[in-house]
Amino acid sequence: MTTLRTARLDIVCGTLAMAEAELHDLALFAELVNAEVPSIWPPPLNDEGSQRWLIELLKTNPPGWSNWYAVRRAESGKGTLVGNIGFKGGPSDDGTVEVGYSVLEAHQRRGYASEAVSAITAFAFSHPAVTRVTAHTLPELTPSIGVLTKRGFRLLGTGTEGPETILFELTRTMHEQAVRRPSTSP
């Protein structure tokens, strides 16, 4: 099981077995992710339809290019699942991957999304085929916009997922500049 580590999180690479258990058997899901799963799981905007879409994505993409689970490490015992993050598939022909993320409301505004976005974009840019990472969000999701701008993404304008979305990007060059100029906060 591949895991990305940040200051406070273990970001666990999702598998088909995890995604199926997440939809059908939360006890098995907790065992597979090796974390406590809060009773309010899944996080916002992750409904049954999106979970079924994820299962299909996992069937057609190599590991790492779909869902990851953000687990807050505990001082002792199992950590707690706080959110998810991932890609909508592997790199396109022009080297673009799209990232999405969601954190349980009880764990928002603690920097977990920023940590996870930093880790997942570093994972993406560790692959030479990736030239940029994009992200869609809604204009009213101010915290999500804050995460993206804090992590160096720039607003491109109206998203391609409909006129109600906005699109951000982080190019490899922008990422490399941000890595050379590290942030002082998660």
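Look a little higher up for the structure.
Residues numbered from 1 in each chain as written. Predicted model: local features only at pLDDT ≥ 70, side-chain atom pairs only at ≥ 80, totals over all residues. Heavy atoms only, no water.

## With respect to the packing of helix α1 (residues 16-24) against helix α2 (residues 26-33)
Running from amino to carboxyl end, α1 crosses α2 at an angle of 150°, the nearest separation of the two axes being 7 Å. As α1 packs across α2, the resulting crossing turns out to be left-handed. Mapping the contact onto sequence places A17, M18, A21, E22 and H24 in α1 and L26, L28, F29, L32 and V33 in α2. Partitioning the contact of α1 with α2 into residue classes produces eight nonpolar, one polar and one charged. (Axes fitted to C-alpha atoms, helices over the stretch in contact; angles between N-to-C directions. Helix = DSSP H or I, 4+ residues; strand = E, 2+ residues; numbered from the N terminus. Left-handed = near helix turned anticlockwise from the far one by under 90°. Contact = heavy atoms within 4.5 Å. Nonpolar A, V, L, I, M, F, W, Y, C, P; charged D, E, K, R; others polar.)

## Observations concerning the side chain of S102
By secondary structure assignment, the location of S102 is in strand β6 (residues 96-103). A distance of 2.7 Å separates a polar side-chain atom of S102 from the backbone oxygen of P44. Beyond its immediate sequence surroundings of up to four residues, S102 is in contact with P43, P44, N46, G83 and N84. (Polar contact = N/O pair within 3.5 Å; in protein donor to acceptor, adjacent residues only side chain to side chain.)

## A few points about the nonpolar core
Soluble, globular proteins show a tendency: their nonpolar side chains are buried together. Judged by nonpolar contacts, the single largest core of 34 residues is most densely connected at I11, W68, I85, F87, V99, V133 and F153. When contributions to this core are tallied by element, the ones reaching two or more residues are β2 (9-13), β4 (67-72), β5 (79-87), β6, α4 (112-125), β7 (132-137), α5 (142-150) and β9 (166-171). Looking at which element gives the most residues to this core, the answer is α4, with nine residues. Apart from the residues lying within four places of it in its own chain, the contact partners of F153 are V99, V117, T121, V133, T134, A135, L148, F168, E169, L170 and M174. If you look at the next biggest cluster of nonpolar residues, it comprises 17 residues, including A21, L23, F29 and I55. (Core = buried A, V, L, I, M, F, W, Y, C linked by side-chain atoms within 4.5 Å. Buried < 20%, exposed > 50% of the residue type's maximum accessible area, 1.4 Å probe, protein only.)

## A few points about the packing of α1 against helix α3 (residues 48-60)
Running from amino to carboxyl end, α1 crosses α3 at an angle of 160°, the nearest separation of the two axes being 9 Å. One way to sum up the angle between α1 and α3 is to call them roughly antiparallel. Considering the relative orientation of α1 and α3, their crossing is left-handed. Contacts from L16, A19, E20, E22, L23 and H24 in α1 reach E48, Q51, R52, L54, I55, L58 and K59 in α3. Split into classes, the residues belonging to the contact of α1 with α3 amount to six nonpolar, two polar and five charged. (Parallel < 35°, antiparallel > 145°, perpendicular 65-115°, else oblique.)

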